[in-house]
Amino acid sequence: MTNIIHRNLRQSPPVAVSASGMIVRDQRCNSYIDASGGAAVSSLGHGHPDILEAMHRQIDINAYAHTAFFTTEVAEELAARLVAGAPEGLTEAYFVSGGSEAMETAMKLARQYFVESGEPQRTKFIARRQSYHGNTLGALAVGGNEWRRRQFAPLLIDVPRVAPCYEYRDRMEGQTQADYTASLLRELEAKIVETGPENVIGFCAEPVVGATGGAIPPTRGYFQGVRALCDKYGVLFIADEVMCGMGRTGTMYSISQDGVAPDIITIGKGLGAGYQPIGGVLAQGRLVDRLRQGSGMFQHGHTYIGHPVAAAAALAVQKVIERDGLLAQVRTRGETFMGMLRNAFGRHPHVGDIRGRGLLLALELVEDRETKQPFAPERKLHAAVKACAMANGLMVYPMGGTIDGQNGDHILLAPPFIASDADLSEIVSRLVESVDGALRQSSP
Ligand code: PLP
């Protein structure tokens, strides 16, 4: 009996009753190793004492202050820290309650920037076919998955799309990586020109594709090429780091590894690490300065923006990452984890690709390794993997139908940064059982 509209309307999920470190426990005393951090959220694991203490302290000091009246020291300190570590020029921060709100905020900020720059005809965003930017109507419109958008069409905005940077599937036999990258950039340029550069606000992309593709890092030079094209046509580059940001790939911002400063970065998930719902937008100073010197207002806002307890949790997360050297740990554990996955699955007949960056890794499952033929979508292999993994006490984040419902199944792994080598080894052995179990159970 439930009064909650659960994701699966035919089946209630287990009840999470407690969690600590790498483990979540349910009402039947089952425990699960959290190998996905929920959905790449719980970067510090569960019940971290420093984060709990910071939240308690903030609740005692001041649990809420509406931003129509006040700012708070804790939100100011968080903003200062985040911009200090951000790529060059990103000096402004805005806090919301999650990733979708962050994308909505980024899109409105970008639009208002052009309106106040005397270019109100710029109304278009260009995005990639393989992308997820959130579930609110604006963010959904930008996201690539046709199956997510279908039932809600027509959406508020119509978004021209280009190919993702998906080397495993799209780089042709004999084509060098550089040629493949150049072809993607030619396509993006053609799309900007076709849309009319004077009509385009921005290009949105995840620096490492998360849920819709399974930890797909860009090819070398791809984002430098994107940056150059955006500069050439006066288009803003909006990097959605909701999943891949906040240390998940071994640097605070994943795009730093690509040597590029976007105009706007969105963050979420690991920002609050699951302790509080918080997302954010970082923007180049010149964008906000335009509004400052123009109307003097950003026409936006929500009841819970800059929430002090959420800011306190996020600030404590930042401090723990720095104090405990967790970015370096993500890089070394990421390599260890990748090595373990390659050992376990490198010759598996149904694992076509093992990829990722830092501790954002994934397996792509295929019917045939040679042809890369995906499993039939009706088989719902990803759902079977999730069920088997839960039965084996393992939380992973599998997904299917990643491009227009066509592109097979992958399993996303995003363990907390605190995972030990022993934890990672246990995850891999349970994952082997889960993948093989799912293949057996879902065989036609
Ligand atoms: N952007 C990316 C890249 C995401 O992965 C997600 C969530 O998975 C979002 C945006 C939306 O974030 P939220 O679910 O917090 O609204």
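All of these numbers come straight from a predicted model, not from anything done at the bench. (Residues numbered from 1 in each chain as written. Predicted model: local features only at pLDDT ≥ 70, side-chain atom pairs only at ≥ 80, totals over all residues.)

## Concerning the overall build of the protein chain
- Along the backbone of the protein chain there are 14 helices and 15 strands.
- Taking 2.2 N^0.38 as the reference for a compact globule, 444 residues should give roughly 22 Å; the C-alpha atoms of the protein chain span a radius of gyration of 21 Å, in line with that estimate.
- Over its C-alpha atoms, taken along the principal directions, the protein chain stretches across nearly 60 × 60 × 45 Å.
- Here the contacts in the protein chain between residues at least 6 apart in sequence split such that 74% fall between residues at least 24 apart. (Helix = DSSP H or I, 4+ residues; strand = E, 2+ residues; numbered from the N terminus. Rg over C-alpha atoms; globule rule 2.2 N^0.38 Å. Contact = placed C-beta atoms within 7 Å.)

## Brief notes about the domain arrangement of the protein chain
- Per the domain assignment, the segments of the protein chain are domain 1 (16-48 + 324-441) and domain 2 (51-321).
- When each unit is reduced to the centre of its C-alpha atoms, the spacing between domain 1 and domain 2 is 25 Å.
- Looking at the side of domain 1 that touches domain 2, the elements that each hand over two or more residues are helix H1 (37-40), helix H12 (326-345), strand E11 (351-357), strand E12 (360-365) and strand E15 (409-413). (Domains from an automatic or database assignment.)

## Describing the packing of helix H2 (residues 49-61) against helix H11 (residues 308-323)
- Across the interface, H2 lies against H11 with an axial gap of 8 Å and an inter-helix angle of 150°. In terms of crossing hand, the pair formed by H2 and H11 is right-handed. Here Asp 50, Ile 51, Ala 54, Met 55, Gln 58 and Ile 59 of H2 lie close against H11, whose contacting residues are Pro 308, Val 309, Ala 312, Ala 313, Leu 315, Ala 316, Val 317 and Val 320. (Axes fitted to C-alpha atoms, helices over the stretch in contact; angles between N-to-C directions. Left-handed = near helix turned anticlockwise from the far one by under 90°.)

## A few points about the site of the ligand
- Taken together, the neighbourhood of the ligand is formed by 16 residues, with Gly 98, Gly 99, Ser 100, Val 242 and Met 243 sitting nearest.
- For the shell around the ligand, the element with the most residues is helix H4 (residues 99-116), which contributes 3 residues.
- Split by residue class, the shell around the ligand holds 6 nonpolar, 8 polar and 2 charged. (Near = placed C-beta within 6 Å. Nonpolar A, V, L, I, M, F, W, Y, C, P; charged D, E, K, R; others polar.)

## A look at the environment of Gly 196
- Summarising the element assignment, Gly 196 is placed in the loop between helix H8 (177-195) and strand E7 (200-205).
- The exposure class of Gly 196 is exposed, given the 12 C-beta atoms found within 10 Å.
- Separated by 187 residues in sequence, Gly 196 and Leu 9 have C-alpha atoms that sit 43 Å apart. (Buried ≥ 20, exposed ≤ 12 C-beta atoms within 10 Å, placed from the backbone.)

## Structural notes on unusual backbone geometry
- In this structure, Ala 40 takes a positive phi of about 60° despite not being glycine.
- Relative to the elements of secondary structure, Ala 40 occurs in helix H1.
- Within the chain, Lys 380 stands out as a residue other than glycine whose phi angle is a positive 50°.
- The residue Lys 380 is located in the loop between E12 and helix H13 (381-391) in this model.
- On the basis of neighbour counts, which here come to 18 C-beta atoms within 10 Å, the residue Lys 380 falls in the partly exposed class.

## Things to note about the pairing of E7
- Of all 6 residues making up E7, 6 are buried, and the element is well covered by its neighbours.
- Summarising the sheet, strand E5 (residues 124-128) and E7 pair through 3 bridges and their orientation is parallel. Within the sheet, the bridge partner assigned to Lys 124 lies in E7 and is Val 200.
- Where E7 meets strand E8 (residues 236-240), 4 bridges bridge the pair, whose relative direction is parallel. Of the residues in E8, the one forming a bridge with Gly 202 is Leu 236.
- Crossover connection from E7 via helix H9 (residues 222-233) to parallel E8: handedness right-handed. (Pairing = 2+ DSSP bridges. Right-handed = clockwise from strand over helix to strand, strands pointing away.)

## A closer look at the sheet that holds strand E10 (residues 279-284)
- Reading across from one edge, E4-E10-E9-E8-E7-E5-E6 is the order of the 7 strands in this open sheet, with mixed pairing throughout. Single-partner strands in this sheet number two, and they are strand E4 (90-96) and strand E6 (161-162).
- Sheet strands touched by helix H3 (residues 73-84): E4 and E10. Its angle to E4, the strand with the most contacts, is close to 135°.
- On top of the sheet, helix H10 (residues 285-293) reaches E4 and E10; it is set at about 85° to E10, its chief contact.

## Focus: the sheet that holds strand E3 (residues 31-34)
- Ordered by their spatial adjacency, 4 strands build an open sheet running E1-E2-E3-E13, and the pairing between neighbours is mixed. Since the sheet does not close on itself, it has two edges, and those belong to strand E1 (16-20) and strand E13 (394-395), each with one partner.
- Two elements, E1 and strand E2 (residues 23-26), share 4 bridges in a ladder whose sense is antiparallel. If you follow Ala 16 over to E2, its bridge partner there is Asp 26.

## Here's the deal with H11
- Relative to the 22 Å expected for 16 residues at 1.5 Å per residue, H11 spans 22 Å between its end C-alpha atoms, a close match to the ideal helical length.
- For H11, the buried fraction is high: 13 of the 16 residues fall into the buried class.
- In the segment just after H11, Gly 325 is the residue with positive phi, at about 60°. (Expected span 1.5 Å × (residues − 1).)

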